[in-house]
Amino acid sequence: KRLRSSNIHLKTVWHKNDIELIKGVKNDKNKGHSVVLLDPSGETKSSQDFSVDMYNWLEVGGSRLAFVIGGAEGIPYELKAEKGMQKTLSLSKMTFTHQFARTILAEQIYRASEIRKGSSYNK
């Protein structure tokens, strides 16, 4: 059985260093986008709770949502300490490569859209 499109478009933006990452996140926040920091110290969620939150974040952010994966040293302190960040979320207590974290995140975004549609994908 083929997976159907969820009408959610994913885009990856690479930043060369923490300074560029901070600028990019602040730019997204200034545009009114919701921003979620992915960090091991963040809150863990079930797929169902993630689905509800993701759609709430999309609503608040004008259909724009940025998930931030930090560099080798994690999320810069300047972003963690900044007031107004939407949320800090943990994919797991385990450590993953950036590539694997993006894959897990993409699958959870797809799963969230399927939960919202009420499909049997999440069963």
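Structure's up top.
Residues numbered from 1 in each chain as written. Predicted model: local features only at pLDDT ≥ 70, side-chain atom pairs only at ≥ 80, totals over all residues. Heavy atoms only, no water.

Colleague: Quick rundown of the layout of surface pockets? Include the residues and the values.
Modeller: Of the volumes computed, that of the largest pocket is approximately 1300 Å³. When residues of the lining of the largest pocket are traced back to their parent elements, those giving at least two are helix 1 (18-30), helix 2 (47-60), strand 2 (65-69) and helix 4 (98-117). A per-element tally of the lining of the largest pocket places helix 1 first, with six residues. Here the lining of the largest pocket is built from residues that sort into 17 nonpolar, 12 polar and seven charged. The calculated volume of the second largest pocket comes to roughly 330 Å³. (1 Å grid on protein atoms, 1.4 Å probe; cavity = no way out; pocket = protein on both sides within 12 Å on 5 of 7 lines; lining within 4 Å. Points joined across faces, edges and corners; volume = space filled by probe spheres on them. Helix = DSSP H or I, 4+ residues; strand = E, 2+ residues; numbered from the N terminus. Nonpolar A, V, L, I, M, F, W, Y, C, P; charged D, E, K, R; others polar.)

Colleague: Any details on the packing of aromatic side chains? Residues and values, ideally.
Modeller: By the definition in use, this model includes five aromatic pairs. Taking the centre distance of 6.0 Å and the plane angle of 35 degrees together, the rings of Phe 50 and Phe 67 count as tilted. Taken together, the positions of Phe 50 in helix 2 and Phe 67 in strand 2 put the pair 17 residues apart, joining distant regions of the chain. Residue Phe 50 is classed as buried on the basis of its relative accessible area of 5%. Judged by relative accessible area, Phe 67 falls into the buried class, the value being 18%. Grouping aromatic residues by their ring pairs yields a cluster made of Phe 50, Trp 57 and Phe 67. The residue whose ring lies beneath Arg 116 is Tyr 55, and the NZ or CZ to ring-centre distance is 4.2 Å. (Phe/Tyr/Trp six-rings, centres within 6.5 Å; stacked < 30°, edge-to-face > 60°. Buried < 20%, exposed > 50% of the residue type's maximum accessible area, 1.4 Å probe, protein only. Lys NZ or Arg CZ within 6 Å of the ring centre and 35° of its normal.)

Colleague: If you had to explain the packing of helix 2 against helix 4 to someone new, which residues and values would you point to?
Modeller: Between helix 2 and helix 4, the least distance of the axes is 9 Å, while the angle of their chain directions is 85 degrees. The pairing of helix 2 with helix 4 is recorded here as roughly perpendicular in orientation. From helix 2, Ser 47, Gln 48, Phe 50, Ser 51, Met 54 and Tyr 55 reach across to helix 4, where they touch Leu 105, Gln 108, Ile 109, Arg 111, Ala 112, Ser 113, Ile 115 and Arg 116. (Axes fitted to C-alpha atoms, helices over the stretch in contact; angles between N-to-C directions. Parallel < 35°, antiparallel > 145°, perpendicular 65-115°, else oblique. Contact = heavy atoms within 4.5 Å.)

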